[in-house]
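# Observations on the model geometry
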Amino acid sequence: MIVKTDKEREAMRAASRVVKAALDAAERFIVPGVTTIEIDKVVEDVIRSFGATPSSKGFEGYPNASCVSVNDVVVHGIPSMRTVRDGDIVSVDITVLLNGYQGDAARTFAVGNVSDKDKALILAAEEAFFAGMEYATAGNRVGDISSAVQLYTELHGYGVVRALTGHGIGKKMHEPPEVPNFGKRHTGAPLKNGLCICVEPMITAGDWRVYIERDGWTVRTADGSKAAHYENTVIVTDGAPEILTL
Ligand code: MF3
Ligand code: CO
Ligand code: CO
């Protein structure tokens, strides 16, 4: 596990600002009738306008600048000609490389008028993240974050996806440690000042089980329930965590 120097932290902040700008552009662009590949195009254009690179493009053969995951797709939805419609929920996950360092964040957006139930699901993913942040301090351990995310999620009646986790981040998109969204307090890697991690609750309105489609990427809920994803890149400090992609 690698902790970042002040200079590296500054590079992480810069990459994260690009991620945030791309997420904001995606949010403004998403209305009923747009296709997920058009969303991806907007994301890629914003990233490149900063002189940055979309890290997901070519990552283990992934084809696009963003993951765009609609309704029961949890994560890793491949942009396509699929049109998003009124009432859909769309998760957009973006990783950016700028000057050698990565930023990574995701949000779930409502398309037009979504049900109160789906609005609550989207909000719960965000709140689960912030429940985890209460424990994201040097001296604690990864399991303290994980258990807080799980507790919040399950107390509110949602499923917490286990097949995918958060992760360390830096020069690479995925670095140690893994940051699961479930687990036990006082377990796992110790959190240190300067550790950069992505905390990313993936939660479902039903059962937590998922499967991967035959395209090798698209992760869907097994029961067809909708899912939400909320992710930020975070620097652990001796005090409150520095959340870079807000
Ligand atoms: N952004 C994702 C994460 O949160 C990973 C993207 S997978 C890729 O870890 F294949 F799309 F790059
Ligand atoms: Co991500
Ligand atoms: Co991530």
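Definitions and cut-offs
Residues numbered from 1 in each chain as written. Chains lettered and ligands numbered in written order. Predicted model: local features only at pLDDT ≥ 70, side-chain atom pairs only at ≥ 80, totals over all residues. Heavy atoms only, no water. Axes fitted to C-alpha atoms, helices over the stretch in contact; angles between N-to-C directions. Helix = DSSP H or I, 4+ residues; strand = E, 2+ residues; numbered from the N terminus. Left-handed = near helix turned anticlockwise from the far one by under 90°. Contact = heavy atoms within 4.5 Å. Nonpolar A, V, L, I, M, F, W, Y, C, P; charged D, E, K, R; others polar. Buried < 20%, exposed > 50% of the residue type's maximum accessible area, 1.4 Å probe, protein only. Polar contact = N/O pair within 3.5 Å; in protein donor to acceptor, adjacent residues only side chain to side chain. Expected span 1.5 Å × (residues − 1). Donors = N, O, S within 2.8 Å, 3.2 Å for Na, K, Ca; no water. Tetrahedral: all angles 85-135°; square planar, octahedral: opposite > 155°, others 65-115°. Near = heavy atom within 4 Å. Areas by Shrake-Rupley, 256 points an atom, 1.4 Å probe, with all protein chains shown as cover.

Here helix 3 (residues 116-133) crosses helix 4 (residues 142-155) at 145°, and the two axes come no closer than 7 Å. You can see that helix 3 and helix 4 cross each other, and the crossing is right-handed. Across the interface between the two elements, Ala124, Glu127, Ala128, Ala131 and Gly132 of helix 3 pack against Ile145, Ala148, Val149, Tyr152 and Thr153 of helix 4. Its residues placed into classes, the contact of helix 3 with helix 4 shows seven nonpolar, two polar and one charged.

So, about the side chain of Lys4. Mapping Lys4 onto the fold places it in the segment before helix 1 (6-29). Its relative accessible area of 5% is what places Lys4 among the buried residues. Among the polar contacts listed, one links the side chain of Lys4 to the backbone oxygen of Ile169, at a separation of 2.9 Å. Not counting the four nearest positions on each side in its chain, Lys4 is found in contact with Arg9, Ile169, Gly170, Glu175, Gly194 and Cys196.

The next thing to look at is helix 4. The end-to-end C-alpha distance of helix 4, which contains 14 residues, comes to 20 Å, matching closely the 20 Å that a straight helix rising 1.5 Å per residue would cover. Counted residue by residue, helix 4 has eleven buried out of 14 residues, so it is predominantly covered. Buried within helix 4 are the following residues: Val142, Gly143, Asp144, Ile145, Ser146, Ser147, Ala148, Val149, Gln150, Tyr152 and Thr153. Phi for Gly157, located one or two positions after helix 4, is positive at around 90°.

Each donor-metal-donor angle would ideally measure 109.5 degrees in four-coordinate tetrahedral geometry, or 90 or 180 degrees in six-coordinate octahedral geometry. Protein coordination at the cobalt ion (ligand 2): the donors are Asp93 (OD), Asp93 (OD), Asp104 (OD) and Glu231 (OE), at 2.1 to 2.5 Å from the metal. Coordination at the cobalt ion (ligand 2) is irregular, judged from the six donor atoms that bind it and the angles of 57 to 172° they form at the metal. Between consecutive donors of the cobalt ion (ligand 2), the numbers of intervening residues give the motif D-x10-D-x126-E. Here the cobalt ion (ligand 2) and the cobalt ion (ligand 3) are spaced 3.2 Å apart, linked through Asp104, which binds each one. Within this pair, whereas Asp104 is found in strand 5 (residues 101-110), its partner Glu231 is found in the loop between strand 13 (227-229) and strand 14 (232-235), the two being separated by 127 residues in sequence. Residue classification places Asp104 among the buried residues on the basis of a relative accessible area of 2%.

On to the site of ligand 1, then. The local shell around ligand 1 holds 14 residues, among which Asp93, Thr95, Asp104, His174 and Glu200 are the closest. Contact distances for ligand 1 include 3.1 Å between an oxygen atom and a side-chain N or O atom of His167. Take His174: an N or O atom from its side chain is 2.7 Å from an oxygen atom of ligand 1. Summarising the interface, the protein chains cover 96% of the accessible area of ligand 1, which totals 340 Å² for the free molecule. Among the residues forming the shell around ligand 1, the class breakdown is five nonpolar, five polar and four charged.

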